[in-house]
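Geometric and topological summary
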Amino acid sequence: EKGVYVKFRDEAGNVSDIASTKIKLDRTKPVDCRITIDNGKEFTTHPNKKVSLTLFARGAIEMMISNNSTFVGGKWQAYSTNAEWELEGEDGLKNVVVKFRDQAGNESDVVADNIILDRKPPFDCRVVINRGDSITSDIDKVVVLKVKAKQATLMMISNTPDFSGERWRGYSELNISWVLSGTDGVKTVYVKFKDEAGKVLVVGIYGAVFAVEGNRRQGKVDERPEKRFQRKTRPTTRRVCARSRTG
């Protein structure tokens, strides 16, 4: 706190009483400024692009938040250690910046944090059974799967739509050996893909097993399997996007 003192004198030499006032000199900007998005998570999948901010600045009474470093359109608001914020633009890496101001009008340095906005599951998903064959007579019911999905990091394969008992495995476009379940007939292999943000896409792929049970045990194929199961034949590379969810 600083004091300013003044006295006056007239033409006759008379001196006034001393007048004074005080003012607080503050040239120190807010310090220890921090911002964290969604508790430091790498991704957000919020459909409306909403995130939670945790903020801190010693000595601040106001703050300004923005999606860009120029603070275009930004407004000063009362300082708070928590705030809800909406990201801008399409999916991708997003920055949120903030600056703080104290009672004297000193502005802090700009601090920032970033997060990846990912609202979409893996896409362009494909699964092919035995290179597209519509029949297999493998005695052990083993087929070869070939999968592909953009932005996938994990995948899960199952013979049932509930994926019971199955676990996530690392995504791979290499050939995968898979054992079909049950007796002869049209079979469905289910595959779901997950990206880094946890978004999941489920794909149902139809594969056909047409060998006669007795002959399959001997490693043989029915001479006319396409007639025997003609009405049940389905494409082997049909994409069925059953649902998209996080988990």
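Residue indices begin from 1 for each chain and proceed along its sequence in written order. Owing to the predicted nature of the model, reporting of local features is limited to residues with pLDDT of at least 70; listing and counting of side-chain atom pairs is limited to 80 or more, with chain, interface and lining totals taken over all residues. Derived side-chain values reflect all non-hydrogen atoms in the structure, with water molecules and hydrogen atoms excluded from consideration.

The subject of this paragraph is the side chain of Lys99. Structurally, Lys99 is set in strand S9 (residues 92-101). Here Lys99 falls in the buried class, since its relative accessible area comes to 15%. Residue contacts follow a heavy-atom distance rule, with two residues in contact if any of their heavy atoms lie within 4.5 Å. Apart from residues lying up to four places away in sequence, Lys99 is in contact with Glu62, Met63, Met64, Phe71, Trp76, Glu107, Ser108, Asp109 and Val110. Secondary structure is summarised from DSSP: a helix means a run of H or I of at least four residues, a strand means a run of E of at least two, and numbering begins at the N terminus for each. Each residue is assigned to one of three classes by its accessible area relative to the maximum for its type, calculated with a 1.4 Å probe on protein chains only: buried under 20%, partly exposed between the two thresholds, exposed over 50%.

With that settled, the discussion passes to the pattern of salt bridges. Definition used for salt bridges: Asp or Glu carboxyl oxygen within 4 Å of a side-chain nitrogen of Lys or Arg. Under the counting rule described, the total for this entry stands at eight salt bridges. As a salt-bridge pair, Asp32 and Arg58 come within 3.0 Å of each other at their nearest N and O atoms. Of this pair, Asp32 sits in strand S3 (residues 31-37) while Arg58 sits in strand S5 (residues 50-58), placing them 26 residues apart in sequence. By relative accessible area, which is 39% here, Asp32 ends up partly exposed. According to the relative accessible area criterion, Arg58 is partly exposed, its value standing at 49%. When salt bridges with common partners are traced through the structure, they connect Glu90, Asp91 and Arg119 into a single cluster.

Judged by pairing direction, the sheet is antiparallel, and its three strands sit side by side in the order S11-S12-S15 without closing on themselves. Of all the strands in the sheet, the pair left with one neighbour each is strand S11 (123-129) and strand S15 (176-179). Going across the sheet, the axis of each strand differs from the next one's by a mean of 35°, ignoring polarity. Paired strands, in this sense, are two strands between which DSSP finds at least two bridges. Pairing of S11 with strand S12 (residues 142-150), which is carried by five bridges, proceeds in the antiparallel orientation. Each bridged residue has a counterpart across the sheet, and for Val128 the counterpart in S12 is Lys146. Axes here refer to lines fitted to C-alpha atoms; in helices the fit is confined to the stretch in contact. Angles between the N-to-C directions go from 0 to 180 degrees.

As for its position among the elements, Thr153 is in the loop between S12 and strand S13 (154-158). Separated by 15 residues in the primary sequence, Thr153 and Trp168 place their C-alpha atoms 9.9 Å from one another. Excluding residues that lie within four positions of it along the chain, Thr153 makes contacts with Arg169, Gly170, Tyr171, Lys194, Asp195 and Glu196.

Pairing between the strands of a sheet comes from backbone hydrogen bonds, and it takes one of two forms, parallel or antiparallel. Pairing within the open sheet is mixed, and its five strands lie in the order S4-S10-S9-S6-S7. Whereas interior strands pair on both sides, the edge strands pair on one side only; in this sheet they are strand S4 (43-44) and strand S7 (77-78). When S9 meets strand S10 (residues 111-117), the two strands line up antiparallel, connected through seven bridges. Within S10, the position partnered with Val97 by the bridge is Ala112.

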